[in-house]
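# Descriptive analysis of the structure
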Amino acid sequence: MLFSRRLMFGLAMASSLAATLAGALAVPAMAEGPTEIDLFFPVPVDGKLARDMGTLIKEFNDGHPDIKATAVYTGSYDDTLIKTRAAIKAGKPPSAVIMSANFLLDMQIENELTNLDALIKADGTTKEQFLGQFFPALQGNAVINRSVYGVPFHNSTPLLYINADKAKEVGLDPSKPPQTWAELTDWAKKLTKREGDKVTQWGIAIPCAYDYCGWMMETLTMSNGGRYYNEEFGGEVYYDTPSMLGALTWWNDLVYKHKVHAPGATPGPAVSTSFISGNAAMMMLSTGSLTYVRDNAKFNYKVAFIPRNVRNAVPIGGASLIIPAGLEAGKQKAAWTLIKWMTSPEKSAWWSRATGYFAPNMAAYKTPEMVDFLNKNPDAKTAVEQLDVAKPWFATYKTVPVRKNLEDEVMLVLNGKKQPKEALVAAQKAADETLKPYNADTSLKLP
Amino acid sequence: MKLIDWLYKDTPLATRGEITPKLGFLLTVLLAIVWLIPFLWMVVATLRPASDGINAMAELMPSLKPTLDNVRDAWEIGDFPRYTLNTTIICAGILLVQFVTITLAGFAFARLDFAGKSLIFYLFLMQLMLVPVLLIVPNLSLVARLGLYDTLAGVMMPFFASAFGTFLMRQAFEAIPTELEDAALIDGASLIQRIRHIYVPLSMPSFSAFAIISVTSHWNDFLWPLMVINSPDKRPLTVGLSVFTKTAEGTQAWGTIAAGTLMVIAPLLITFLIFQKRFISSFVTSGIK
């Protein structure tokens, strides 16, 4: 008797639970409210920006009662890619993502992106008019096969940061920063302080951690006259080349020959910390760190172009806004409204002042707040000026693994475990292997 | 010679070849100090005012004018009480279901006879060799199809069965003499009653050891909750904390990070301090078996 009563109770519980579940599932379909969209974003510089992002999205929601956007924090740039891909594969694509600019090609190859041409056309603007708002250097990472796939949101270039006070101490003139690798090596030697065998102040610090390391290698290779990858085709990288060998050899020499750069692969935050604390007199770092340096440096600093060996050239960094493939029309339209609003001159100028990234929208620099800001902080101009010599950020099929193929080897070199030449040969071999399936499908597939 | 004499003074002759209690104690203290340094640094960095400058950040000497600014900053950026609640729900939920599944599965592998038992057991153990990252996409699409995307239940689900736990319980149950079960059988105890009144009480140390491992690993898990959870109010502590620590282009507010980290580990740390004796004894006994 007891048993059957228990069974009855269990059945009653189960059926009421099922009813509740069914009710919960039915509600969203019936409710007529604002279109709900989510925006995936990585935190670019510092935790406080997560709060700034909240402010930005709240402002958008207040101005657009028919849309309810939620900002979803998604980790680092690499984590954001993993999460976006997993969400797309699970059938729950986010409506918009702030995606590292160089992941767009790989996502397009995998059919994970919405082609934005139709949305641009529906607004009554041409592609040329739309792209014309942004700095030309940024278009390489946003346009694939002449179609628009991304909208530049916050972008960066690497910069040379100099501790002006320390430069003056050793008789260097910070108003004439080093322009070539030879001058930079000379500066770094003069700025390195030793007590016996122990170094108390390093001449220069260059970051090398996943993501950053590949970007710095591209920077050095480009200013050495070379290229990192085929800008027009996603199946080729040029790791084992003279320009790359020269770049890595110079970096290696700074560490082991001139002993002006601390040995080992140093992550970005450690580099900026050591510059701010005076432990390193110069550093190469993103303009995205400029606001942090401005707020924390207790000394005069100076930012300059990345010095050249052969030519002045730097890669673009930062992120673009994308719309994943497979969204329903209503969400797609709402996401497009959000993207246009976020990349408008006023909003991108505001974000630029908060972060240090430069605003990709050229009209941002004509807003009164920005003119005023640049007058007070002339150091924010350097990255914009450097855009004249900027080129796209490396983007290939399977960008992250191909980048790691090189980064693993560069780290071995900086840790003193390998010589540049053998490291680059190994990196090339590994990358060719990673790119093989794509090449088999495209460039090696003959009729 | 005097030092050695002192170290060996009250050791029985038979164990003189082994590490003496005093030397062992010395080594323990040394290890404890090494372990304590990063923790002390975190506390010092949390209380250090930003005006001390980043230079002082690496120092272990506490600041003369301690401040709670960093704690306030971290507190404002992240909704820590909510994150702690979410993490607690996740860890407790996983553990409760695991207790049921590993007890039953462990018992089946230890005491029941069925065809292909060893083969199934080894297949089961192979799960331990898989890197969790490998399963992210299949797990996520399953979770989404079950309607559990962006829910705490979705975070917990893949961990309801544990290969490690099953293995641990199988070992524990096998060590229990079958005579005890036979006696219960004579008294007419059902299968569930035998598990409930004989196997479970006698394997308590193994259960607590497993609980510690399960809770700490899910407390620290980052990638899987990041994949499943979208809503800010469902974030667990690790995802909430990474808002400070995962930077893309190279700057960090160490004071805030230290304060945030301290808040994240505090609940686990306090639990450990309270139940210290139990924790240690559970590992020791389960180790002897």
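Everything below is about the structure shown above.
The present account deals with the structure reproduced in this document. (Residues numbered from 1 in each chain as written. Chains lettered and ligands numbered in written order. Predicted model: local features only at pLDDT ≥ 70, side-chain atom pairs only at ≥ 80, totals over all residues. Heavy atoms only, no water.)

### Concerning the overall build of chain B
Helices and strands together make up the secondary structure of chain B, namely 14 helices and zero strands. Residue burial in chain B is summarised as follows: out of 289 residues, 40% are buried. When the accessible surface of chain B is split by element, carbon and sulfur atoms take 72% of a total near 16,300 Å². (Helix = DSSP H or I, 4+ residues; strand = E, 2+ residues; numbered from the N terminus. Buried < 20%, exposed > 50% of the residue type's maximum accessible area, 1.4 Å probe, protein only. Areas by Shrake-Rupley, 256 points an atom, 1.4 Å probe, with all protein chains shown as cover.)

### As for the packing of helix α8 (residues 163-174) of chain B against helix α11 (residues 204-220) of chain B
All names here are of chain B. Where α8 meets α11, the closest approach of the two axes is 10 Å, and the angle between their N-to-C directions is 165°. In terms of their interaxial angle, α8 and α11 are classed as roughly antiparallel. Of the two elements, α8 crosses α11, and the hand of that crossing is right-handed. Side by side, α8 and α11 meet where Phe164, Gly165, Leu168, Met169 and Ala172 of the first sit next to Ser206, Phe207, Phe210 and Ile213 of the second. The class makeup of the residues in the contact of α8 with α11 is seven nonpolar, two polar and no charged. (Axes fitted to C-alpha atoms, helices over the stretch in contact; angles between N-to-C directions. Parallel < 35°, antiparallel > 145°, perpendicular 65-115°, else oblique. Left-handed = near helix turned anticlockwise from the far one by under 90°. Contact = heavy atoms within 4.5 Å. Nonpolar A, V, L, I, M, F, W, Y, C, P; charged D, E, K, R; others polar.)

### Overview of the sheet that holds strand β3 (residues 96-100) of chain A
All names here are of chain A. Read across the sheet, five strands follow the order β2-β1-β3-β13-β6 without closing on themselves; strand pairing throughout is mixed. Edge strands, defined here as strands with exactly one partner in the open sheet, are β2 (67-73) and β6 (151-156). Adjacent strand axes in the sheet meet at a mean angle of 20°, parallel and antiparallel pairs treated alike. (Pairing = 2+ DSSP bridges.)

### Quick notes on helix α9 (residues 181-191) of chain A
Among the residues of α9 of chain A, Trp181, Leu184, Thr185, Trp187, Ala188 and Leu191 of chain A are the ones counted as buried. Taken down its axis, α9 of chain A places every buried residue within 160° of arc, on the same side. (Arc of directions from axis to C-beta.)

### What to know about the nonpolar core
In this structure, Ile204, Trp251 and Met284 of chain A are the most contacted members of the largest nonpolar core, which totals 85 residues. Per element, the largest residue contribution to this core is seven residues, and it comes from helix α11 (residues 242-256) of chain A. Setting aside its immediate chain neighbours within four residues, isoleucine 204 of chain A contacts Leu160, Leu184, Ala188, Leu254, Val260, His261, Ala262, Met282, Met283 and Met284 of chain A. Judged by nonpolar contacts, the second largest core, of 78 residues, contains Ile57, Leu338 and Met342 of chain A together with Ile77 of chain B. (Core = buried A, V, L, I, M, F, W, Y, C linked by side-chain atoms within 4.5 Å.)

### Considering the packing of aromatic side chains
In total, this model carries 31 aromatic pairs over all chains according to the counting rule given. Relative to tryptophan 351 of chain A, the ring of tryptophan 350 of chain A lies with its centre 6.4 Å away and its plane at 35°, an arrangement referred to as tilted. Taken together, a centroid distance of 6.5 Å and an interplanar angle of 70° make the contact between phenylalanine 107 of chain B and phenylalanine 173 of chain B edge-to-face. Taken together, the residues span a long stretch of sequence, with phenylalanine 107 of chain B in helix α4 (residues 80-111) and phenylalanine 173 of chain B in helix α8 at a distance of 66 residues. By the ring-pair criterion, three or more aromatic residues cluster together here, those being Tyr212, Trp215, Tyr228, Tyr239, Trp393 and Phe394 of chain A. Residue placement shows lysine 404 of chain A over the ring face of tyrosine 210 of chain A; its charged tip is 4.8 Å from the ring centre. For arginine 170 of chain B, the ring lying beneath its charged end belongs to phenylalanine 121 of chain B, and the centroid distance is 4.1 Å. (Phe/Tyr/Trp six-rings, centres within 6.5 Å; stacked < 30°, edge-to-face > 60°. Lys NZ or Arg CZ within 6 Å of the ring centre and 35° of its normal.)

### A short note on the pairing of strand β1 (residues 35-41) of chain A
All names here are of chain A. Of all seven residues that make up β1, five are buried, and the element is covered over most of its length. Bridge analysis of β1 against β2 gives seven bridges, and the strand direction is parallel. In the sheet register, threonine 35 faces β2, and the bridge partner there is isoleucine 67. Two strands pair when backbone bridges link them, and β1 and β3 are joined in this way by two bridges, in the parallel orientation. Its bridge partner being in β3, leucine 39 is matched across the sheet by alanine 96.

### Examining the pairing of strand β13 (residues 317-322) of chain A
Residues and elements named next belong to chain A. In terms of burial, β13 is largely enclosed, as six of its six residues are buried. Taken together, the four bridges between β3 and β13 define a ladder with antiparallel strand orientation. Looking across to β13, one finds that serine 100 is bridged to alanine 319. The pairing of β6 with β13 spans five bridges and is classified as antiparallel. Its bridge partner being in β13, valine 151 is matched across the sheet by leucine 321.

### Quick look at helix α14 (residues 329-342) of chain A
Given a rise of 1.5 Å per residue, 14 residues ought to cover 20 Å, and the 20 Å separating the end C-alpha atoms of α14 of chain A matches this to within 8%. Looking only at α14 of chain A, the buried set comprises Gln332, Ala334, Ala335, Trp336, Leu338, Ile339, Trp341 and Met342 of chain A. (Expected span 1.5 Å × (residues − 1).)

### Some words on the pattern of salt bridges
Residues and elements named next belong to chain A. Throughout the structure, instances matching the rule amount to 22 salt bridges over all chains. Lysine 193 serves as the salt-bridge partner of glutamate 169, at 3.5 Å between the closest nitrogen and oxygen. With glutamate 169 in helix α8 (residues 164-169) and lysine 193 in strand β8 (residues 193-195), this residue pair connects regions lying 24 residues apart in the sequence. According to the relative accessible area criterion, glutamate 169 is exposed, its value standing at 56%. Taking the relative accessible area as the measure of exposure, lysine 193 reaches 35% and is therefore partly exposed. Note that lysine 190 is salt-bridged to aspartate 186, the shortest N-O span being 3.3 Å. Of this pair, lysine 190 and aspartate 186 both sit in helix α9, four residues apart, which is roughly one turn of that helix. Three or more residues joined by partner-sharing salt bridges are found here, namely Asp78, Asp211, Arg403 and Glu407. (Salt bridge = Lys/Arg side-chain N within 4 Å of Asp/Glu carboxyl O.)

Coordinates in, geometry out; function isn't part of it.
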